[in-house]
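# Chain and residue survey
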Amino acid sequence: MSTAQLDTTTPTTPPGTGSSPTRGLGERSGGRAAKDLLAKVVMWLAFAIAVVPLVWILGSTLVKGGHMLLEAQWWTNSQAGITSRREGGGAVHAIQGTLIQAVVTAVMSVPVGVLTAVYLVEYGRGRLARVVSFMVDILTGIPSIVAALFVYALWVTTFGFQRVAFAVTLALTLLMIPTVVRSTEEMLKLVPNELREASYALGVPKWKTIMKVVVPTAFSGIVTGILLGLARVMGETAPLIILGPYTKVIATDLFGGLMATLPTMINQDRTEALQPALDRVWGASLTLILLVFLLNLLGRFVGRFSKVKS
Amino acid sequence: MTTSITGRSTIDDDPHDADRASTGRLGDRIFGGLATGSGLLVVAIVTLVGVFLLVQAVPSLMNNDANFLLSREWSPSGANPRFGIADLAWGTLVTSVIAMVIAVPLGVAVALFITQYAPRWLSRPAAATVDLLAAVPSIVYGFWGLNIAGQYFEPVAGLLQGALGWVPFLSDQNVSAKSTLAFAGVILAIMILPIVTAISREVFAQVPTTHKEGALALGATKWEMIRVAVLPYGKPGIISAAMLGLGRALGETLAVLILLSTLSPTKEWSFSIFNGGSTFASKIAGGASEFDTPQKTGAYIAAGLVLFVVTFLVNAAARIVIERRKAFSE
């Protein structure tokens with residue numbers, strides 16, 4: 001592609017492949033060719049620069065935290081009774097907390113998100129639809145710390161409840177809904193209208209058409225969106241700091257007591273100057289990155305089975 | 001097209017046609033009601049966020065003895081609370097601007113690389129790689145920046161301060177380079193790079209082939225083709241990508257909280273980007289442990305309200321730019 005472009009003697013190359021048949025227009029001047037080359041170099045460099053932090057951050061986390069994940073106790077023990085001075089213990093309390101909160105968040109945000117998308121694509125007309133769509137965009141842009149403050153103002157200040165894991169999932173739900181809405185909306189739009197019409201023509205009611213024809217057709221795409229949305233909220237830390245204090249022991253109660261998560265585990269130990277604590281920070285970071293990547297990969301994998309393609 | 005929300009063909013655009021499919025059966029009414037209800041719920045949530053923050057911020061603001069917008073003080077407790085957001089606004093502005101200055105050109109260049117320059121086999125993996133940057137949690141960026149990458153910023157900062165230290169923006173403030181607003185901005189740039197790239201990429205991929213072929217047929221080099229065909233077409237997309245990136249940078253919390261060294265209240269005001277400081281988000285997160293009285297909490301909520309309004313405006317502006325582009329391209 002690139003060499004063909006500088007070659008002015010290939011007028012037979014079809015257009016759009018990067019070649020420019022300049023025969024008859026005179027030779028390209030040196031200055032223009034140099035600029036073209038410079039632009040090309042700059043673009044390649046830009047990509048190289050963008051890759052550096054990713055490789056670097058993954059590399060350092062792997063090198064510094066990898067050995068923690070290789071110990072069996074990392075996956076079986078909690079930090080109960082272990083001070084930051086001592087080595088040992090695991091992250092199972094934090095991993096479990098992160099997963100529990102992720103599942104609860106998904107359970108709350110998926111119905112609202114998918115139904116809102118259904119409304120926007122299948123029902124919404126006129127001003128209300130435009131307002132809803134606008135609000136979804138605004139929700140997309142709400143910083144996680146503001147979502148956390150809102151839940152704090154609602155849950156703690158107004159209702160007088162304690163800071164518990166459920167409050168965290170409420171904040172995460174706010175952050176996940178717009179991602180689910182947008183991705184589901186995209187997928188529903190891709191479902192060919194002929195399918196809907198064929199269903200209506202057979203006398204199937206609209207709601208059944210949506211449930212049995214439209215949503216199943218877009219299903220794997222919707223699941224992809226959900227998994228990617230979940231991956232996004234899993235690494236969120238700000239709501240956890242405001243609403244979900246850390247604890248070293250295994251806890252499963254959403255409405256009482258504290259529940260540990262990987263981000264708060266990192267946050268707990270990051271200020272320590274002691275090596276065992278720092279090891280745990282890197283280990284927890286790596287675990288969290290792996291979880292998020294795994295969800296991303298899973299999402300993309302499921303997307304491959306999509307019946308509708310963008 | 002009047003109802004461009006759906007983007008579907010004209011068959012359903014007429015409201016009467018659309019309703020004909022819905023037969024008024026119980027199931028239809030329930031399901032339609034649920035869908036509409038969810039939409040309304042989203043509207044309600046956003047409204048409630050604004051209302052709740054406002055209601056809880058007002059009492060504290062009324063008690064505030066200092067000018068909320070202009071004061072640099074932050075002592076929200078006691079009988080005569082004094083707090084203002086001048087420092088926070090400055091910190092947020094500087095870090096976000098630095099992030100934008102780095103991430104927007106870089107993101108656009110990466111998007112051009114992916115859509116115009118990369119060989120076919122590399123294009124998709126390249127896009128996925130940049131997307132992966134978004135998968136690294138904020139807190140990991142902060143910890144990594146402070147403990148690993150930060151030391152390499154010292155010589156850069158030293159060089160700038162040595163050569164251009166007489167410029168007020170670049171003067172030395174005796175703050176460790178990795179804890180300065182400048183470095184926080186650099187880390188923010190890495191964090192918003194994926195969103196800027198993803199949106200620019202999307203618009204560049206939509207540039208009509210006829211525009212590009214037309215430019216090439218007139219003898220343009222590839223770079224000239226990009227300048228006359230791709231960039232003008234993608235301009236609104238780039239603007240909205242930049243604004244969405246800005247929205248993200250404004251609210252980014254943990255990375256900034258970990259990196260920035262907070263200023264002592266007695267330190268003299270400086271315009272330098274090599275100073276410490278706080279952003280709205282980092283101040284709120286840093287104060288999470290002292291939400292004990294309504295007065296104190298209200299002060300932080302007031303700061304959160306300002307952040308909410310600013311991000312709201314930025315995102316709404318981005319949305320309007322995108323909408324306008326849609327209107328032109330259809």
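Residues numbered from 1 in each chain as written. Chains lettered and ligands numbered in written order. Predicted model: local features only at pLDDT ≥ 70, side-chain atom pairs only at ≥ 80, totals over all residues.

## Some points on the overall build of chain B
Of the regular secondary structure elements, chain B holds 11 helices and two strands. Going residue by residue from the N terminus, the α and β elements of chain B occur as α-α-β-β-α-α-α-α-α-α-α-α-α. Considering chain B as a whole, with its 330 residues, one finds that 49% of them fall into the buried category. In chain B, once contacts between residues fewer than 6 apart in sequence are set aside, the share between residues at least 24 apart is 75%. (Helix = DSSP H or I, 4+ residues; strand = E, 2+ residues; numbered from the N terminus. Buried ≥ 20, exposed ≤ 12 C-beta atoms within 10 Å, placed from the backbone. Contact = placed C-beta atoms within 7 Å.)

## Section: the overall build of chain A
On a plain count of helices and strands, chain A comes out with 13 helices and zero strands. In sequence order, chain A lays out its α and β elements as α-α-α-α-α-α-α-α-α-α-α-α-α. Here the C-alpha radius of gyration of chain A, 26 Å, is well above what a compact globule of 310 residues would show, namely 19 Å. Its C-alpha atoms give chain A principal-axis dimensions of about 80 × 60 × 35 Å. Considering only residue pairs separated by 6 or more positions, chain A has 70% of its internal contacts joining residues 24 or more positions apart. (Rg over C-alpha atoms; globule rule 2.2 N^0.38 Å.)

## As for the environment of B:Ile190
Examined against the element boundaries, B:Ile190 turns out to sit in helix α6 (residues 181–205). C-beta crowding within 10 Å serves as the criterion here: with 26 such atoms nearby, B:Ile190 is assigned to the buried category. Linking B:Ile190 and B:Gly39, residues 151 residues apart in sequence, is a C-alpha distance of 34 Å. For B:Ile190, the residues in contact, after removing those within four places along its chain, are A:Pro53, B:Leu133 and B:Tyr141.

## Topic: the domain arrangement of chain A
By the assigned domains, chain A splits into domain 1 (2–49) and domain 2 (92–303). If you average the C-alpha positions of domain 1 of chain A and of domain 2 of chain A, the two centres end up 46 Å apart. (Domains from an automatic or database assignment.)

## Concerning the packing of helix α4 (residues 92–123) of chain A against helix α2 (residues 26–63) of chain B
Packing of α4(A) against α2(B) brings their axes to within 8 Å, and their N-to-C directions diverge by 110 degrees. Classified by the angle their axes make, α4(A) and α2(B) are roughly perpendicular. Taking contact as the criterion, the partners of A:Val112, A:Leu115, A:Thr116, A:Val118, A:Tyr119, A:Leu120 and A:Tyr123 in α4(A) are, on α2(B), B:Gly32, B:Leu34, B:Ala35, B:Thr36, B:Ser38, B:Gly39, B:Leu41 and B:Val42. By residue class, the composition of the contact of α4(A) with α2(B) is 10 nonpolar, five polar and no charged. (Axes fitted to C-alpha atoms, helices over the stretch in contact; angles between N-to-C directions. Parallel < 35°, antiparallel > 145°, perpendicular 65-115°, else oblique. Nonpolar A, V, L, I, M, F, W, Y, C, P; charged D, E, K, R; others polar.)

## Quick word on helix α7 (residues 209–217) of chain B
Each α-helix winds once per 3.6 residues, and so residues spaced three or four apart point in a common direction. Residues and elements named next belong to chain B. Among the residues making up α7, those that are buried are Lys212, Ala215 and Leu216. All buried residues of α7 project into a common sector of 100 degrees when viewed along the axis, lining one side. Tucked into the core, α7 has its buried residues touching α8 (222–251). Positioned one or two residues after α7, glycine 219 has a phi angle of 95 degrees, which is positive. (Arc of directions from axis to C-beta.)

## As for the domain arrangement of chain B
Residues and elements named next belong to chain B. The domain boundaries assigned to chain B delineate domain 1 (10–63) and domain 2 (82–329). On a C-alpha basis, the centres of domain 1 and domain 2 stand 32 Å from each other. Across the contact, 10 residues belong to domain 1 and nine residues belong to domain 2. For the side of domain 1 that touches domain 2, the residue count by class is six nonpolar, four polar and no charged.

## As for the nonpolar core
In terms of nonpolar packing, the biggest core is built from 196 residues, with A:Leu149 and A:Ala171 touching the most fellow members. Counting residues per element, this core draws most heavily on α6(B), which supplies 18 residues. (Core = buried A, V, L, I, M, F, W, Y, C linked by C-beta atoms within 7 Å.)

## Notes on the interface of chain B and chain A
Counting from both sides, the interface comprises 86 residues of chain B and, opposite them, 87 residues of chain A. The element contributing the most residues to the side of chain B that touches chain A is α2(B), with 18 residues. Of the residues belonging to the side of chain B that touches chain A, the class tally is 55 nonpolar, 24 polar and seven charged.

## So, the packing of helix α5 (residues 126–141) of chain A against α2(B)
It is at 9 Å that the axes of α5(A) and α2(B) come closest, and there the two elements cross at 50 degrees. Between α5(A) and α2(B), the angle falls in the class oblique. As for the relative orientation of α5(A) and α2(B), their crossing is left-handed in sense. In this structure, α5(A) uses A:Val131, A:Val132, A:Met135, A:Val136, A:Ile138 and A:Leu139 to contact α2(B), whose residues at the interface are B:Gly39, B:Val42, B:Val43, B:Ile45 and B:Val46. (Left-handed = near helix turned anticlockwise from the far one by under 90°.)

## Here's the deal with the confidence of the model for chain B
Residue and element names in this part refer to chain B. Mean pLDDT over chain B stands at 86; residues scoring 70 or higher make up 91%. When pLDDT is averaged over each helix and strand of chain B, the minimum, 51, is found for helix α1 (residues 15–21) and the maximum, 95, for helix α3 (residues 86–117). Per-residue pLDDT stays below 50 along residues 1–18; that stretch engages in 24 contacts with residues further than four places along the chain or on separate chains. Two summary scores accompany this predicted model of the complex, namely pTM at 0.87 and ipTM at 0.86. (pLDDT = per-residue confidence, 0-100.)

## Overview of the environment of B:Ala184
Counting through the fold element by element, B:Ala184 comes out in helix α6. In this structure B:Ala184 touches B:Thr95, B:Val256, B:Leu259 and B:Leu260, once residues within four positions along its chain are discounted.

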